[in-house]
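# Report on the structure
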Amino acid sequence: MKEIDIKGLFLGPKSENGDLFKKILTDAINEHLYWRKDFHPEDEPIVSLYEKNQENFRLTEDRIIQVVDQICAKLKVTSMPWHSPRYLGHMNADILMPAMLGYIAAMLYNPNNVAYEASTATSPMELEVGKDFAALMGYDTGKAWGHICTDGSVANLEAIWYARNLTSIPFAVKELRPKLVEGKSDWQLANLTVDEILDLSAKVKDICDEVRDRSVRGTGIVQKQLGKWIVPQTKHYSWVKAGEIIGIGLDNVISVQVDDQYRMDVDVLEKTIMDLAEKEIPILGVVAVVGTTEEGAVDHVDRIVALRKKMEQRGVSFYLHIDAAYGGYARSIFLDEKGDFLPYSDLKRQLHEKGVINQDDIEWPPEEVYSAFKAIEESDSVTIDPHKMGYIPYAAGGITIRDRRMVDAISFFAAYVFEKGTESPALLGSYILEGSKAGATAAGVWAAHQVLPLNITGYGRLIGASIEGAKRFYSHIQMNRVLDIDGTKVRMETLTRPDFNMVDFAFNVEGNKDLDKMNELNLNLYNLSSYVSGPVFKKDFITSHTEFTYDDYGDAPVNMVKRLGIERAEWDRVHSLRLMRACVLTPYFMVDKVVEHYWETYLDSMKRKLAEVLSK
Ligand SMILES: *Cc1c(COP(=O)(O)O)cnc(C)c1O
């Protein structure tokens, strides 16, 4: 097939593709209406024309119309205009037309993917999507597994659930079949690799119920067997929830310092692990983030994988989860049409040839980011959110695991689901965290994956457009670092050179040395450029914002504070930094004319707002 035109994939900022959308939607609705009728045509209609003309029926219709009108009114006045390139806030933009249409078409049939019998059309779609996730992450699709979840928070919870249950299995085996782990100390049992645990489980299949009852699943947690869950400071707050829910408690969730680039500092990670090992405190698992929620930073997955190998030489092993809720889909950029990971030496040429990056002067990715994406294939599980960089409607998160045997560690039914010769568990709800769930979501994600393959020719080009847009937005800020606002000079600084498609930045009045004042300026600016007040139609531009505190980030923000002209002592006093945060998901910033137009509008609007804030 010829290349896909990205502009044909969305409804469009001005509903440019509205006619096609309406046509396909009308067709899908008509199909559905006939489908209802065609089920036993011999049955008589239950509602007659005569009844429809009675007063109560009319009133009922009227009520429905009024309620829907009300909803539309509420939506139109306050909803976020994600679709417009003027929206550079949260992780959302226009969503893919095939996904919306697939979702709506399926929703009419209300399938429930909890069980195959309730979702004969959409359950197989979910399993295919799960395979797509596994292939995208470089897992062996013959061994791996994946599924859709409500969101990334649930996927993360499921990941820690896997890790927790797996880690306790060797201890249960020790009680039930001590011979199988003879000569191993508790410390050694707590440090088996995931593969060793799965192989051990395979040897006790015949007593799998007893193993389950003697493991954490039956006994509740035994903390000294589980140990610490290690995350970077940039962690999403779902990890805090997960630590509480899974029962290890927050004392056992350790946040590792990040560097200037907001990537987990692997040297600090190594030291943390060494210190714990010294005291024989096990590591339940380590999370690396690919696309952090506030900065879009990409942790050094490759170095963390290498660290795990090195530690395993010393008898220390841990579960490795990649939280790629945000950045996961971007791995498409690096896969050729056969699904092979492109070599770095050839990447730049391919990115330009395939139209992923159009501007010659855009240098992306740096080698560290490339290597991080590559190394994801060596993890144990990955969270990936279709409703973020998949441009899919909510609620669609996802998880994939390297070895499907892991499912037995959390499944509700007797073990070995997948050995029974079926690809598709009859009751998906008993092998995952959730129960009933929308089959429509699976249809939406599946439709998008059919139109846009998860490689350089499909999602790669779409996400490339977003990264290119972010890079251009970033360069514009770099080129306009000092603004003149009626004689007052205002400096604008970016937090990092973005690893991905998020640009964080802040303003300070030249000469201002007071961090509190600077934070107030940025907060006021945000309040004028966000959804917090007033009808959305009056907004020129919409960004989001964030606050970095010492408690969350240690001294990582010092560098940024200094570049804005404020001394370190001020940071030590205030320990908080407010920033604007722009997730550049819009796919339209690869066209010069478009970027220029929106940048000019943006800059004008910021200048007006700065003038307004400064005059107060
Ligand atoms: C968004 C995000 C999550 C949580 O995903 P939800 O779908 O919002 O629940 C987890 N981790 C990271 C890195 C994220 O960006």
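Numbering of residues begins from 1 in every chain and follows the order in which that chain's sequence is written. Note on the predicted model: pLDDT of at least 70 is required for a residue's local features to be given, and 80 or more for side-chain atom pairs to be given and counted; whole-chain, interface and lining totals, by contrast, use all residues. Based on all heavy atoms of the structure, the side-chain values leave hydrogens and waters out of the count.

### Quick notes on the sheet that holds strand E8 (residues 397–401)
- When DSSP finds two or more bridges between two strands, those strands count as paired. Only DSSP runs of H or I with at least four residues qualify as helices, and only runs of E with at least two residues qualify as strands; both kinds are numbered from the N terminus onward. Spatially, seven strands are ordered E2-E8-E7-E6-E5-E3-E4 in an open sheet, and the strand pairing comes out mixed. For this open sheet the edge positions go to strand E2 (145–149) and strand E4 (253–256), each flanked by a neighbour on one side alone. Each neighbouring strand pair of the sheet contributes to a mean axis angle of 20°, computed without reference to strand direction.
- By the bridge criterion, four bridges tie strand E3 (residues 228–232) to E4 in an arrangement that is parallel. Here the axes come from fitting lines to C-alpha atoms, over the contacting stretch only for helices, and the angles between their N-to-C directions go from 0 to 180 degrees.

### Re the pairing of strand E13 (residues 576–583)
- Extensive coverage of E13 is indicated by the burial of eight of its eight residues.
- Exposure classes here rest on a 1.4 Å probe applied to the protein chains alone. A residue is buried below 20% of its type maximum, exposed above 50%, and partly exposed in between. Both faces of E13 are covered, namely the face carrying Ser-576, Arg-578, Met-580 and Ala-582 and the face carrying Leu-577, Leu-579, Arg-581 and Cys-583.
- In terms of strand pairing, strand E11 (residues 502–509) meets E13 through four bridges, oriented antiparallel. Bridge pairing in E13 links Val-503 to Ala-582.

### As for the site of the ligand
- Lining the immediate surroundings of the ligand are 16 residues, of which Ser-153, Asp-323, Asp-385, His-387 and Lys-388 lie closest.
- Contact distances for the ligand include 2.9 Å between an oxygen atom and a side-chain N or O atom of Thr-293.
- Of all the elements, helix H6 (residues 152–176) adds the most residues to the shell around the ligand, at three residues.
- In terms of residue class, the shell around the ligand is made up of four nonpolar, eight polar and four charged. We call a residue near a given molecule or strand whenever any one of its heavy atoms falls within 4 Å of it. Under this definition, polar contacts are N or O atom pairs within 3.5 Å; protein pairs additionally need one hydrogen-donor-capable and one acceptor-capable atom, and for neighbouring residues in sequence, both atoms have to be side-chain atoms. Following the grouping adopted for this structure description, the nonpolar residues are Ala, Val, Leu, Ile, Met, Phe, Trp, Tyr, Cys and Pro, the charged ones are Asp, Glu, Lys and Arg, and the polar ones are all others, Gly among them.

### Thoughts on the domain arrangement of the protein chain
- Looking at the protein chain, the domain boundaries give domain 1 (131–462) and domain 2 (480–614).
- Residue ranges assigned to each domain were obtained from an automatic or database domain assignment. Here domain 1 and domain 2 have C-alpha centroids that lie 34 Å from each other.
- Should any heavy atoms of two residues lie within 4.5 Å, those residues are counted as being in contact. With 27 residues of domain 1 at the interface, the matching set in domain 2 holds 23 residues.
- Simply put, the buried area is the total loss of 1.4 Å probe accessible area from both parts when two parts are fitted together. Buried area between domain 1 and domain 2, both sides added, is near 2,100 Å², and the carbon and sulfur share of it is 49%.
- The shortest N-O distance in the salt bridge between Arg-581 and Glu-294 comes to 3.7 Å.
- For the interface between domain 1 and domain 2, the tally reads eleven residue pairs in polar contact (both at pLDDT 80 or more). Salt bridges are counted wherever a side-chain nitrogen of Lys or Arg sits within 4 Å of a carboxyl oxygen of Asp or Glu.

### A short note on the sheet that holds strand E9 (residues 482–485)
- On the basis of which strands lie adjacent, the open sheet formed by six strands has the order E1-E12-E13-E11-E10-E9 and mixed pairing. The two strands at the open ends of the sheet, each matched to only one other strand, are strand E1 (87–88) and E9.
- In this structure, strand E12 (residues 542–549) lies alongside E13, joined through six bridges in antiparallel fashion. Bridge assignment links Phe-548 to a residue of E13, and that residue is Leu-577.

### Brief notes about the packing of aromatic side chains
- Only centres within 6.5 Å qualify two rings of Phe, Tyr or Trp (six-membered ring in Trp) as a pair; their planes then separate them into stacked at under 30 degrees, edge-to-face at over 60, and tilted for everything else. Under the defined criterion, the tally for this structure stands at 23 aromatic pairs.
- Judged by centre distance (5.6 Å) and plane angle (40°), the rings of Trp-229 and Trp-239 are tilted. You can see Trp-229 sitting in strand E3 and its partner Trp-239 sitting in helix H12 (residues 238–245), a full ten residues away along the chain.
- Under the relative-accessibility criterion, Trp-239 is labelled buried at 0%.
- With centroids separated by 5.9 Å and ring planes inclined at 65°, the aromatic side chains of Phe-473 and Phe-505 adopt a geometry described as edge-to-face. With Phe-473 in helix H18 (residues 459–479) and Phe-505 in strand E11, this pair connects stretches of sequence that are 32 residues apart. Phe-505 carries the same exposure label as Phe-473, and that label is buried.
- Clustering of aromatic rings is evident, with ring pairs tying together Phe-334, Phe-341, Tyr-344, Trp-364, Tyr-370 and Phe-373.
- Put simply, a charge is over a ring when the Lys NZ or the Arg CZ is close to the ring centre, within 6 Å, and near the line of the ring normal, within 35 degrees. Positioned over the ring face of Tyr-474 is Lys-471, at 6.0 Å from the centre of the ring.

### Examining unusual backbone geometry
- Of the consecutive residues Trp-364 and Pro-365, the connecting peptide bond is found in the cis state with omega at 0°.
- When you line up the elements, Pro-365 lands in the loop between helix H15 (344–353) and helix H16 (367–375).
- In this structure, Ser-15 is a non-glycine residue whose phi angle is positive, near 55°.
- Mapped onto the elements of the fold, Ser-15 is located in the segment before helix H1 (18–38).

### Digging into the pattern of salt bridges
- Taken as a whole and assessed by the stated rule, the structure comprises 41 salt bridges.
- Ionic pairing is found between Arg-58 and Glu-61, a salt bridge with its closest N-O pair at 3.9 Å. Within this pair, Arg-58 and its partner Glu-61 are both found in helix H3 (residues 55–78), separated by three residues, close to a single helical turn.
- The class for Arg-58 is partly exposed, based on a relative accessible area of 46%.
- Here Asp-516 ties to Arg-573 by a salt bridge, and the two come within 3.2 Å at their closest N and O atoms. Taken together, the residues Asp-516 in helix H19 (residues 515–528) and Arg-573 in helix H22 (residues 568–574) connect sequence positions 57 residues apart.
- Judged by relative accessible area, Asp-516 falls into the partly exposed class, the value being 38%.

### Topic: the pairing of E12
- Across the eight residues of E12, six count as buried, placing the element largely inside the fold.
- Bridge count for E1 against E12 is two bridges, and the pairing is parallel. Looking across to E12, one finds that Leu-88 is bridged to Thr-543.

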